[in-house]
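Secondary and tertiary structure notes
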Amino acid sequence: MSDQDDLPKLLGDCVHCGFCLPTCPTYVLWGEEMDSPRGRIHLMQQHADGTSLSGPMVEHFDRCLGCMACVTSCPSGVQYDRLIEMTRAEVEREHPRSMKERAIRGLVFQLFPYRRRLRALRGPLRAYQKSGLDKLIRRSGVLERVSPSIAAMERLAPPLGKAPRLPERVAARGERRATVGMLTGCVQAEFFPGVNAATARVLAMEGCDVVIPPDQGCCGALSLHSGREDEARAFARRTVETFECVDVIVVNSAGCGSAMKEYRALLADDPAWSGRADALSAKTRDLAEFLVELGPRAERRPVPVTVAYHDACHLAHAQGVRTQPRTLLAGIPELTVREIAEPDVCCGSAGTYNLFQPEAAAELGDRKALNVAATEAELLVAANPGCSMQIATALRHHGAAIAVAHTAQVLDASLRGLGRDTLIPHTPRATT
Amino acid sequence: MDARLAALADRLRGLLGAEQVITDPVRLRTYECDGLTSHRSTPAIVVLPDTAEQVAAIVRECAAAGVPYVARGSGTGLSGGALPHADGVLVVTSRMRRILEIDIPGQRAVVEPGVINLDVTRAVRPYGYYFAPDPSSQQICSVGGNVAENSGGAHCLKYGFTAHHVLACEIVTPDGELVELTADGPGYDLLGVFVGAEGTLGITTKITVRLTRVPETVQTLLAAFDSIEAGGGAVSAIIAAGVVPAAIEMMDALSIEAAEAAVRCEYPPGAGAVLIVELDGPEPEVAAQFAEVERLCRDAGAFEIRVAADDAERALIWKGRKSAFAAVGRISPAYIVQDGVIPRTALPRVLARIDALSAESGVRVANVFHAGDGNLHPLVLFDDAVPGAEQRAEEVSGAILDLCIEHGGSITGEHGVGVDKSRYMPRMFTDADLDTMQMVRCGFDPAGLCNPGKVFPTPRLCGEVPGVRRGAHPFEGKADLF
């Protein structure tokens, strides 16, 4: 069945009960019906009934983070995830964007899904960060005046270190229990190379042969979640092909994992690819999900640290992975896990959201930062590069800088007996 | 929009800022209905005030312009109580959501009307207190809406309705004055008049709520029966034994099926009815009564009894019940949530009659109810794509209310009359009754601008017609009614 046939039924599933409202980040911020899932579904219905896409309508669709918290809270089973994706594709097809919007969107979608382009940016960005020019630029506010989106990109970029290349294959330690493919991602690979290295090590130490295809590309998550369907399908086909050699694909980035689990629906109308896409979706696992299924074998050594665990939306809401990362963290001796208040509310990163909707994203980032700070944890653990950048930036903004790590890095420190030192920098907190 | 409304919109923008006044037709339409979608009406203007003073100013502007206005909280009402007026202003309180004060020694909290019901409990739970009214929509419904509708919930059998948990309200009267109504003090209990008036007497801007101590212990069980009759027998036996459960809820097979599809609550398979019984209070009392409830359920024919071992299991038992309304969307394209009351003793007879009605008409009816106080929530299912189906469902739904009245009950237990049930009011009340109620209303709102068209079947006395009233005062010549 094609999307267009599906739409009236999917819209009809909503009974207007409003249970989604308190979990929607934009409703939490502004308290307006049009910026709630129920209101957006109403707008979609208006469009389906013949009202043309107007500026205000598109504005409210654009403001949706796509965090899927509403999908979790809906008792009627409304597939809002599919609805917003279909709507975004419709917006891309039908709604002319302003020149400025087009320029920014062009920049983002020509940059982030391409590792080589990101890599080319690393050198200049490192030099820029080292020179101290970054502080000057931020103080001047010049970027903010040119484009808030570019200013957001600059602000969010994490401090860059060296980026070691991963080998094509990492052999299991001890008896082999599984052979897994590993997605390295685009932003994860170039901006958080330490996370990928830790992931590969943890998998190997748990007895997995890790296959890391060097020619892998973008999974298409950013495109898919922004309504650029054709682009997303092209990325999806390539990813399907790349990973047909393995039985399990382990993904350490929540957004990517969720997109790959959606290939099934994305390529359902393509007879040549639907079966292959279905197979890929079925064998995709988030790292935490996979490690819990596999069961622990390697010895856990103490990591005496207090962590706050952040639920990435594309892990908790889109993939239903909530307990597994907590189970893994709780299995580490001397480590304490603290819960963050309002765990269901998005941090505002949401893929490209903090680039296209910087103001709303900053408000949500601040809200999350305050909740994280209230836990008084020393380390924030999240399983999505976007969330890590967003929350770290917001905490820095509040003068409450906190160390950030991926679940893989915490496990890596435990399995290798490194203690807390690799996770918590020794440098004293900057005084203001 | 006509010139008068356009001018009003301009003045409202001056008061609130352009961002908080909505006149764009696409945006306005998202406010066309509340939780009851069968009545729709797009307002002319939506305003999103932040403060009580702003609400008062909005009401004054409306009064001066003779434009009707309707207050709305989270928009979850099930009787169309917040249905907008097509030529009026919708005053949305969802941005007024600050908890202003928590006074634990005084066991009270002061909140703004847009505060979500459950957020009050979340805020005071660390101190060992909670806000007792618990409508199934408590995760989103607003306290202001609870006050307007005098909302109940599963636990009102023991703890009462919203009216029993509101100590004071600051309201904006239809004159645009900010006034405090309190429960204590001599004189007429105007707070009692205001709570449950469905937003026809003014707009709440601040509420002082009573906080209830979290009970020492809570025990919850789920009992599965072959039939509704057997479950109903257990309810009667429990009440007759002198036990006052915190809650006693029943669901029939169809509503269980829906809840299962929605939230996988894993109720016992094959049950014709499940009963949820919750006891709370001091440990020894609960332990003794709980054993008795278990025995009574078994005697009444329960084939499986599950006792919640902890809060997580209790939450799972409740999840099925609390999601039941919306969950029916899983098994039917459309449905009507009915709300009626009968004496508890009439339960088996009325349920049998509902069954018969359903069989005769071919319209499926799922039953969810607060069994302890005889508050029925029949869910009348239909397919809105089939011509005439909605009308047949409406007829069955109306016939169920007739059954309630016939058995000495009421047309609403907790959802309110709103716009949906105003036509049934004459079935319960005489013209003199309705006139008397109207006169109370006229005392607050002689111009008939505050949530007009709700509760009362036809415009009478002070009238429902928007516009500045001229001529005789509505009370004139009506002395014979007193």
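No experiment lies behind these values; they were computed from the predicted model shown.

On to the overall build of chain A, then. The secondary structure content of chain A amounts to 25 helices and nine strands. Over its C-alpha atoms chain A spans a radius of gyration of 21 Å, differing by no more than 12% from the 22 Å that the globule rule assigns to 432 residues. In terms of principal-axis extent, the alpha carbons of chain A reach across some 60 × 55 × 40 Å. A sequence separation of at least 24 residues applies to 77% of the contacts in chain A between residues at least 6 apart.

Moving on to the overall build of chain B. Scanning chain B from N- to C-terminus turns up 16 helices and 19 strands. Over its C-alpha atoms chain B spans a radius of gyration of 23 Å, differing by no more than 12% from the 23 Å that the globule rule assigns to 482 residues. Seen along its three principal axes, the alpha-carbon backbone of chain B occupies a region of about 65 × 55 × 50 Å. For chain B, the proportion of its 482 residues judged to be buried stands at 57%.

Before going further, it helps to spend a moment on the interface of chain A and chain B. Counting residues at the interface gives 31 residues for chain A, matched by 36 residues for chain B. Between chain A and chain B, roughly 2,500 Å² of surface is buried when both sides are summed, and carbon and sulfur atoms account for 53% of that area. At the junction of chain A and chain B, the tally comes to 17 residue pairs in polar contact (both at pLDDT 80 or more). Counting residues per element, the side of chain A that touches chain B draws most heavily on helix α3 (residues 37-48) of chain A, which supplies five residues. Taken together, the residues that form the side of chain A that touches chain B break down as 15 nonpolar, 12 polar and four charged.

Segmentation of chain B into domains returns domain 1 (3-92), domain 2 (99-213), domain 3 (216-331), domain 4 (332-421) and domain 5 (429-481). One C-alpha centre belongs to domain 1 of chain B, the other to domain 3 of chain B, and the line joining them spans 41 Å.

We now examine the sheet that holds strand β6 (residues 305-309) of chain A. In a beta sheet, neighbouring strands pair by backbone hydrogen bonds and run either parallel or antiparallel. All names here are of chain A. The four strands are arranged β7-β6-β8-β9 in an open sheet whose pairing can be described as parallel. Of all the strands in the sheet, just β7 (335-339) and β9 (403-405) have a single pairing partner and so form its edges. This sheet shows a mean twist of 35° between the axes of neighbouring strands, independent of strand direction. In the sheet, β6 pairs with strand β8 (residues 379-381) via three bridges, with the strands oriented parallel. Pairing of Y309 across the sheet is with V381, part of β8.

Residue and element names in this part refer to chain B. Together, Y188, L190, V193 and V440 line one region of the surface with nonpolar side chains, adding up to about 410 Å² of accessible area. Relative to the elements of secondary structure, Y188 occurs in the loop between β9 (178-182) and α7 (190-194). Residue Y188 is classed as exposed on the basis of its relative accessible area, which comes to 78%.

Attention now moves to the UniProt feature "domain: FAD-binding PCMH-type" (unreviewed entry) in chain B. The sites that UniProt annotates as "domain: FAD-binding PCMH-type" (unreviewed entry) are residues 39-214 of chain B. Across residues 39-214 of chain B one finds 22% helix and 25% strand; the C-alpha atoms that close the span lie 39 Å apart.

The next subject is the packing of aromatic side chains. Per the counting criterion, the structure on display carries two aromatic pairs over all chains. Summarising the aromatic geometry, the rings of A:F109 and A:F356 are spaced 5.9 Å apart at their centres and angled 45° between planes, so their arrangement reads as tilted. Linking A:F109 in helix α7 (residues 99-111) with A:F356 in helix α22 (residues 353-356), this pair joins segments that are 247 residues apart in sequence. Classification of A:F109 by relative accessible area gives buried; the value is 0%. Taking relative accessible area as the criterion, A:F356 reaches 19% and is therefore assigned buried. Residues B:Y130 and B:Y159 carry aromatic rings whose centres are separated by 6.5 Å and whose planes lie at 80° to one another, so their mutual orientation is edge-to-face. Here B:Y159 lies in helix α6 (residues 156-159) and B:Y130 lies in strand β7 (residues 129-130), a separation of 29 residues in the sequence. The residue whose ring lies beneath A:R276 is A:W273, and the NZ or CZ to ring-centre distance is 4.2 Å. When the ring centre of B:W318 is taken as origin, the NZ or CZ atom of B:K322, which lies over that ring, is 5.8 Å away.

All names here are of chain A. Orientation of α3 relative to helix α6 (residues 80-94), taken along the N-to-C sense of each, is 50°, at an axis distance of 11 Å. Here α3 is positioned oblique relative to α6, judged by the angle of their axes. As α3 packs across α6, the resulting crossing turns out to be left-handed. Contacts from P37, R40, I41, M44 and H47 of α3 reach α6 at Y80, L83, I84, T87 and E90. The residue inventory of the contact of α3 with α6, partitioned by class, reads six nonpolar, two polar and two charged.

Next up on the list: empty space enclosed by the protein. All names here are of chain A. Applying the stated criterion to the full structure yields five cavities of 30 Å³ or more. Counted as a void, the largest cavity has a volume near 130 Å³. Residue lining of the largest cavity: 17 residues in total, with C14, C20, I41, C74 and V78 positioned closest to the centre. Breaking the lining of the largest cavity down by element, the ones donating at least two residues are α3 and α5 (69-73). For the lining of the largest cavity, the element with the highest residue contribution is α3, accounting for three residues. Within the lining of the largest cavity, the residues separate by chemical class into 13 nonpolar, three polar and one charged.

Residue and element names in this part refer to chain B. Inspection of the sheet shows strand β5 (residues 99-103) paired to strand β6 (residues 108-111) by four bridges, in the antiparallel sense. Residue pairing for β6: E101 is matched across the bridge by V110. The antiparallel hairpin formed by β5 and β6 contains four residues in its connecting segment, where Q107 sits at a positive phi of about 50°.

Quick look at the domain arrangement of chain A now. Residue and element names in this part refer to chain A. For chain A, the assigned domains read domain 1 (3-94), domain 2 (112-156), domain 3 (169-292) and domain 4 (299-415). If you average the C-alpha positions of domain 1 and of domain 3, the two centres end up 29 Å apart. Taken together, the contact between domain 1 and domain 3 spans six residues of the former and eight residues of the latter. Across the domain 1/domain 3 interface, buried area totals approximately 600 Å², and carbon plus sulfur atoms make up 39% of it. With a closest N to O distance of 3.7 Å, R93 and E229 form a salt bridge. A total of five residues in the side of domain 1 that touches domain 3 trace back to one element, the largest contributor, which is α6. Within the side of domain 1 that touches domain 3, the residues separate by chemical class into one nonpolar, no polar and five charged.

Our focus in this paragraph is the nonpolar core. Judged by nonpolar contacts, the single largest core of 61 residues is most densely connected at A:F61, A:L83, B:M251, B:Y267, B:V274 and B:L379. Of all the elements, helix α9 (residues 253-263) of chain B adds the most residues to this core, at six residues. The residues touching B:V274, leaving out its near neighbours within four places in the chain, are B:L222, B:A223, B:A224, B:E249, B:M250, B:M251, B:I256, B:Y267 and B:P268.

Mapping B:G329 onto the fold places it in the loop between α12 (324-327) and β16 (334-337). For B:G329, a relative accessible area of 15% gives the class buried. Each C-alpha atom, one on B:G329 and one on B:L381, is 9.2 Å from the other, the two residues being 52 residues apart in sequence. Ignoring sequence-local partners within four residues, the contact set of B:G329 consists of A:V15 and B:Y335.

The rules behind these values
- Residues numbered from 1 in each chain as written.
- Chains lettered and ligands numbered in written order.
- Predicted model: local features only at pLDDT ≥ 70, side-chain atom pairs only at ≥ 80, totals over all residues.
- Heavy atoms only, no water.
- Helix = DSSP H or I, 4+ residues; strand = E, 2+ residues; numbered from the N terminus.
- Rg over C-alpha atoms; globule rule 2.2 N^0.38 Å.
- Contact = heavy atoms within 4.5 Å.
- Buried < 20%, exposed > 50% of the residue type's maximum accessible area, 1.4 Å probe, protein only.
- Buried area = accessible area lost by both parts, 1.4 Å probe.
- Polar contact = N/O pair within 3.5 Å; in protein donor to acceptor, adjacent residues only side chain to side chain.
- Nonpolar A, V, L, I, M, F, W, Y, C, P; charged D, E, K, R; others polar.
- Domains from an automatic or database assignment.
- Pairing = 2+ DSSP bridges.
- Axes fitted to C-alpha atoms, helices over the stretch in contact; angles between N-to-C directions.
- Patch = residues over 30% accessible without salt bridge, like charges linked within 9 Å, V, L, I, M, F, W, Y side chains within 5 Å.
- Areas by Shrake-Rupley, 256 points an atom, 1.4 Å probe, with all protein chains shown as cover.
- Salt bridge = Lys/Arg side-chain N within 4 Å of Asp/Glu carboxyl O.
- UniProt positions renumbered as here; feature names shortened; annotations may be inferred.
- Phe/Tyr/Trp six-rings, centres within 6.5 Å; stacked < 30°, edge-to-face > 60°.
- Lys NZ or Arg CZ within 6 Å of the ring centre and 35° of its normal.
- Parallel < 35°, antiparallel > 145°, perpendicular 65-115°, else oblique.
- Left-handed = near helix turned anticlockwise from the far one by under 90°.
- 1 Å grid on protein atoms, 1.4 Å probe; cavity = no way out; pocket = protein on both sides within 12 Å on 5 of 7 lines; lining within 4 Å.
- Points joined across faces, edges and corners; volume = space filled by probe spheres on them.
- Core = buried A, V, L, I, M, F, W, Y, C linked by side-chain atoms within 4.5 Å.

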